[in-house]
Amino acid sequence: MATSVEIGPLHVLVADDRSDVLEALRLLLKGAGHLADLVDSPQGLLRAAEASDYDLILMDLNYARDTTSGSEGLDLLAQLHGAESPPPVIVMTAWGNIDLAVEAMRRGAVDFVQKPWDNQRLLGMVEKQAREGALRRRAESRARTEIEIARNVQQRLFPTASHHLSSTAYAGRCAPAREVGGDYYDFFDLAPGVLGFVLADVSGKGIAAALLMANLQGCFRSHATPPEQFATLFFGVYDEATRRLRYVNCGHPAPLVIAGAGVERLGTTATVLGAFRDWDCEERSVQLAPGDALVAYSDGVSEAGIESDVDFGEERVLEILRGCQDAPVDALIGALIEAAQSSAPVQGDDITVVALRAG
């Protein structure tokens, strides 16, 4: 069922470098019961759009007296379209052509009017686009609210309080690339002095990956079989009394055991979860000594910057860990996440790190 929005008095920002055009548009909008704010320059338009909320922007593409290219207006469109939830923009020009109109629409305009305009057609266009813009912004606001709720729910799925072992320090942290993500980590009290922990990376990103992540968490929490979905996973059981770690690695980046000047990689013992009908898994173990640090991470760390052809890589991971290997586990996790995030202008994947230091 379609949703409609009643059009009341609109607040319209009008931009043109000719005072007679501004006055004509103000009178036209006023006669229809709408309020118009007038600006005569690109700078004035940007300042006004930042200072107030408008139902619609009606703007000329040409401002410099010696140009008919529309380049100033096209640049303005790009800047307006970069704002969060921008109002709809109708562009006007006396030098209109199909190529200019197409480029204006590509940069975010919702419609195009050539001067001189038809008053009734222009008013109809303004009200139609304002109505559709209100619907669009309402939907975007609802979507942002729902995503924020999903983000809060997902954050509550991660462990919020550390379990207590007498001599072992451990922690975890997830930094999703988007509002929600597909990385998952958790800790489990399996017996007195015995800690279980898991780090998994579900295929994909965003809402779909987050739903699979929640499903995977539910399976672990209920001790059920992992779901038939593609995920890499590392699961370990650490016995504080013996300092022995039993683990399985299902196609996950190899966690690192930093022992003094040496390093041991806990490689794969099985294929990824959910990718194959027939699946077998081998359990392995590793002995830790006092002070040894175990660091598990998702590929959002080792592949940080790959979209920009700058692969973070395991060697960089080791370099970071060597620089703070005696630091508390929280500081070690923070240093690795910060370095991975700073390796590219935009974080392209979820980043999760779990660390444990034997006491």
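Residues numbered from 1 in each chain as written. Predicted model: local features only at pLDDT ≥ 70, side-chain atom pairs only at ≥ 80, totals over all residues. Heavy atoms only, no water.

## What about the environment of E84?
Which entries qualify depends on this criterion: Helix numbers and strand numbers start at the N terminus; a helix is a DSSP run of H or I with at least 4 residues, a strand a run of E with at least 2.
Inspection of the secondary structure puts E84 in the loop between α3 (71-81) and β4 (89-93). Sequence separation of E84 and R137 is 53 residues, and the distance between their C-alpha atoms is 10.0 Å.

## Thoughts on the sheet that holds strand β10 (residues 244-250)
Put simply, the rule reads: Here the rule is simple: two strands pair whenever DSSP picks up at least two bridges between them. Axis definition: a line fitted to C-alpha atoms, limited for helices to the stretch in contact. Angles are taken between N-to-C directions and run from 0 to 180 degrees.
Read across the sheet, 5 strands follow the order β7-β8-β9-β10-β13 without closing on themselves; strand pairing throughout is antiparallel. Lying at the two open borders of the sheet, with one neighbouring strand each, are β7 (183-191) and β13 (284-287). The average undirected angle you get between the axes of adjacent strands in this sheet is 20°.

## Brief notes about the nonpolar core
Applied cut-off: Working definition of a nonpolar core: buried Ala, Val, Leu, Ile, Met, Phe, Trp, Tyr and Cys residues. They are joined through side-chain atoms within 4.5 Å. Summary of the burial criterion: residues with accessible area below 20% of their type's maximum are buried, those above 50% are exposed, and those between are partly exposed, where the area comes from a 1.4 Å probe applied to protein chains only. Throughout, a residue-residue contact means that at least one pair of heavy atoms, one from each residue, lies within 4.5 Å.
One finds V295, V301, F312, V317, L321, L336 and V353 to be the most contacted residues of the largest nonpolar core, which totals 25 residues. Broken down by secondary-structure element, the contributors of at least two residues to this core are β6 (169-175), β11 (256-259), β14 (293-297), α8 (313-323), α9 (329-341) and β15 (351-357). The element contributing the most residues to this core is α9, with 7 residues. Not counting residues up to four positions away in its chain, the partners in contact with L321 are L256, I258, V295, L332 and L336. Formed by 22 residues, the second largest nonpolar core is a distinct cluster that contains L165, Y170, L294 and A358.

## Some details on the state of the cysteines
Disulfide: a covalent bond formed between the sulfur atoms of two cysteine residues. Threshold: Note on terminology: pairs of cysteine sulfur atoms within 2.5 Å are recorded as disulfides.
Enumeration according to the criterion identifies 0 disulfides in this entry. With no disulfide of its own, C281 lies closest to C250 among cysteine sulfurs, the gap being 4.6 Å. In this structure C281 comes out as partly exposed when scored by relative accessible area, which is 28%.

## Looking at helix α2 (residues 42-51)
Side chains three or four residues apart in an α-helix point the same way, a direct result of the helix having 3.6 residues per turn. Here is the rule we go by: Directions drawn from the helix axis to the C-beta atoms are what define this arc.
Buried within α2 we find P42, G44, L45 and A48. Summarising the axial view, the buried residues of α2 lie within an arc of 160°, below the 170-degree limit, and thus occupy one face. Turned more than 90 degrees away from the buried face of α2, the exposed residues are R47, E50 and A51. Summarising the contacts, the buried residues of α2 are in contact with β1 (11-15), β2 (35-39), β3 (56-60) and α3.

## What to know about the sheet that holds β14
Judged by pairing direction, the sheet is antiparallel, and its 5 strands sit side by side in the order β6-β15-β14-β11-β12 without closing on themselves. Every other strand in the sheet has two partners, leaving β6 and β12 (262-265) as the edge strands with one partner each. When strand polarity is set aside, the average angle formed by the axes of neighbouring strands in this sheet is 15°. Where β6 meets β15, 7 bridges bridge the pair, whose relative direction is antiparallel. Residue pairing for β15: A171 is matched across the bridge by A355. Packing against the sheet, α8 makes contact with β11, β12 and β14, and its axis sits at approximately 40° to β11.

## Observations concerning the environment of V353
By the element assignment, V353 lies in strand β15. Contacts of V353, omitting those with residues within four sequence positions, involve A171, G172, R173, L199, V295, A296, Y297, V301, I333, L336 and I337.

## Quick word on the pattern of salt bridges
Quick reminder of the rule: A carboxyl oxygen of Asp or Glu within 4 Å of a side-chain nitrogen of Lys or Arg is what we treat as a salt bridge.
This structure, assessed with the given rule, holds 12 salt bridges. One salt bridge in this structure joins R107 and D75, with 3.5 Å as the shortest N-O distance. Taken together, the residues span a long stretch of sequence, with R107 in the loop between α4 (98-106) and β5 (111-114) and D75 in helix α3 at a distance of 32 residues. Overall, the relative accessible area of 23% leaves R107 in the partly exposed class. Between K128 and E132 there is a salt bridge, with the nearest N and O atoms lying 3.1 Å from each other. In this pair, K128 and E132 are both assigned in helix α5 (residues 119-157), 4 residues apart and thus about one turn of the helix distant. A relative accessible area of 41% places K128 in the partly exposed class. For E132, a relative accessible area of 34% gives the class partly exposed. Salt bridges here are not isolated pairs; linked through shared partners, they connect D75, E103, R106 and R107.

## Considerations on the side chain of T352
To keep things clear, this is the line we draw: We define a polar contact as two N or O atoms separated by no more than 3.5 Å, with the added condition that, inside protein, one atom must be a possible hydrogen donor and the other a possible acceptor, whereas residues neighbouring each other in sequence contribute only through side-chain atom pairs.
Relative to the helices and strands, T352 is located in strand β15. Here the side chain of T352 touches D183 through a polar contact of 2.9 Å, side chain to side chain.

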